[in-house]
Amino acid sequence: MSAPNSEIVGTRLKDLTPGAWLGRAFGVLILIVFALFFVVPLLWLLIAPTKTDRQLLLEAPFALGDLGTLLSNWQSLMTFQGGLIWTWIGNSVFYCVAALVITLCISIPAGYALAMTEFRGRKLLLVVTLIVMLIPSTALVLPIFLELSAVRLIGNPLSAILPFSFYPFGVYLTYIYFSTAVSRDLLSAARLDGASEWQVFMKIAMPLSTPVIALVGFFSFTGNWNNYFLPYVTLPGRKAPIQVGLAELLSNVPAFNPTNAASTTITLSALALATLLAIAPVLLVFLFAQRYLVSGMTAGGTKE
Amino acid sequence: MSTIDNSAATAAVALERPKKGMSIERAQGRIGVLFATPYTLFLIAFGILPALYAIYLAFTKKGAFVGFDNFLKVFKDYRFWPAVEHVGIFIVVWLVLLVVLVVTLAILVHSIGLRWFSGTMRFVYYIPGALAGASSVMLWLFVLDPTVSPVSWLLQALGIESFVGAVDASRLPIVLAVIAFWTGAGGWIVIMYGALNNISKDVIEAARVDGAGPVRIAWSIQIPLMRKWIAYMVIMSFAGGTQLFVEPRVLAQASRGVVGQDYSLNQLAFLYAFKQNDFNGSAAISLVLLAVAVTLSIYFVFKGGLFERA
């Protein structure tokens, strides 16, 4: 087989045969085309709020608008139904932060218990956690809705916060972390020195678990922030988080709903700005915490 | 009677009088239970009870057991099988896209010697993962509308003249698959890249010395060794794909009814609960979807080979 030898890790370009060089260039070309595919929509979203709808329609897609237009788009979005967008964003922050705190308070100890202690039912709990973790969270949305409406919690913030706080993947990550990164001998040594189980956890395990706390925190927060289906069914109207609110905004955009007779309307540029605001927190977390997130995703499956 | 009680008590006392090692073990067991309990309660309340309640609702009507009536009613609904078909076609298109492109891109990125370039590419692929749910669909509404799209030339080349044309029934599964791919592929590329890094360099080097080219190495060594991870991706994506909801819902809202309110199974289950006030029918559909997800999940936990120690 005389296929181009483009795959060589760290080979210098000048050492390649012409065929190999072509193969390699083709590979790089494919990578760049896909990079554009992934990044172009986001770049456009950063630019769109600086333009008017007319500019969006007529000008080149990546021509910049100006700051004044951005401000007026901002104004029109902020005045929409008396600043409803801030209510939605506030709701999102409240639900996600509350869920984050509960998630950490229950997941970290549970992962520790699964990894470092022996108790009856441990194995069963671990297997059930694995199974539930692999079920897409949307699969349980309608059953959870039916359950919550049976106990009359629909419309109550708890109907988002409590289900958001159940995060088996977080427990699993913590379990993996403690069983691989923290040695049992260390804990045993502390016990022999007379430390109680509680002290062992608080004084030894907790200080070592900062990375996994950060990891579980990131995943829980971003996942809940982006969750649409559950709050859509349990928290309608003014109690909705921003993801649900965003879809709500859409019905006030005449460009997508020409028959809509709503008195206040949202322009396309303002909708783009709202989308940008809705993703901003998670995007920032992603940009600054990418390394953490990446290592965590790989840890999610490997268990060496 | 009392003697028996007594001896049981003495036995218990005897058991409780331990050597030092025993008591540590028991203290551990106690703190283990204490630590696992709050989570276990959440697991029951939001993992197990909802499923049991859905089972109860699906097999009853007004509290009376009705066997499979709710399921039969749902299966006879004229909207059910088209929804199955929509979701099925979407999943096939999406899985093919995912497997072919994620594996290819991961191998290509991995083959790049320049570290900054490879790192930048992975980062760029991964960023859209920050967007999920409504916001990613919202962004794609703009991308798919030829009047404002950053790639309107491409849409026009594909013969798409309007937003409604872009979400036409014949194109919709592809559009949905592209949106899902855009959001999720980067994460999988990063995971596959990690799997490729775990393949020993000696094996690759030996193959190269034997005259294998990059395509041959990818096909005969790298892809077989990534098999577990590819299976993981396929099973997770299949389970996730059956749950299709937010994408067609937002598109339905934006396309003036071109995309149906009942396009996917979850949308239909939603309509049963919210428009027809038929919680039993809704539970029946949810249960069918949940059964698929649980089956895949159990299969993968026990056969997938990624969780051996569990």
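Residues numbered from 1 in each chain as written. Chains lettered and ligands numbered in written order. Predicted model: local features only at pLDDT ≥ 70, side-chain atom pairs only at ≥ 80, totals over all residues. Heavy atoms only, no water.

Chain B is annotated in an unreviewed UniProt entry as ABC transporter permease of Devosia insulae DS-56. Its UniProt record gives chain B the following Subcellular location (unreviewed entry) comment, quoted word for word: "Cell membrane". (UniProt positions renumbered as here; feature names shortened; annotations may be inferred.)

Caption draft 1: Representation of the UniProt feature "transmembrane region" (unreviewed entry) in chain B in the model. In the numbering used here, UniProt assigns the feature "transmembrane region" (unreviewed entry) to residues 31–59, 87–111, 123–143, 174–196, 229–246 and 283–302 of chain B. Spanning residues 87–111 of chain B, this segment combines 100% helix with 0% strand, and its end C-alpha atoms are found 35 Å apart. (Helix = DSSP H or I, 4+ residues; strand = E, 2+ residues; numbered from the N terminus.)

Caption draft 2: Here's a closer look at the environment of Gly 133 of chain B. Tracing the backbone shows Gly 133 of chain B in helix 6 (residues 133–144). The class of Gly 133 of chain B is buried, set by a relative accessible area of 14%. Residues Gly 133 of chain B and Val 250 of chain B, 117 residues apart in the sequence, show an inter-C-alpha distance of 9.6 Å. The contacts of Gly 133 of chain B, once residues within four sequence positions are left out, are Asn 226, Tyr 228 and Gln 243 of chain A together with Val 246 of chain B. (Buried < 20%, exposed > 50% of the residue type's maximum accessible area, 1.4 Å probe, protein only. Contact = heavy atoms within 4.5 Å.)

Caption draft 3: Spatial organisation of the packing of helix 5 (residues 122–134) of chain A against helix 8 (residues 168–181) of chain A. All names here are of chain A. Following both chains from N to C, one finds helix 5 and helix 8 inclined at 125°, their axes separated by 8 Å at the closest point. Between helix 5 and helix 8, the interaxial angle falls into the category oblique. In the packing of helix 5 onto helix 8, the handedness of the crossing is left-handed. Contacts from Arg 122, Leu 126, Thr 129, Leu 130, Val 132 and Met 133 of helix 5 reach helix 8 at Pro 168, Phe 169, Val 171, Tyr 172 and Tyr 175. Partitioning the contact of helix 5 with helix 8 into residue classes produces nine nonpolar, one polar and one charged. (Axes fitted to C-alpha atoms, helices over the stretch in contact; angles between N-to-C directions. Parallel < 35°, antiparallel > 145°, perpendicular 65-115°, else oblique. Left-handed = near helix turned anticlockwise from the far one by under 90°. Nonpolar A, V, L, I, M, F, W, Y, C, P; charged D, E, K, R; others polar.)

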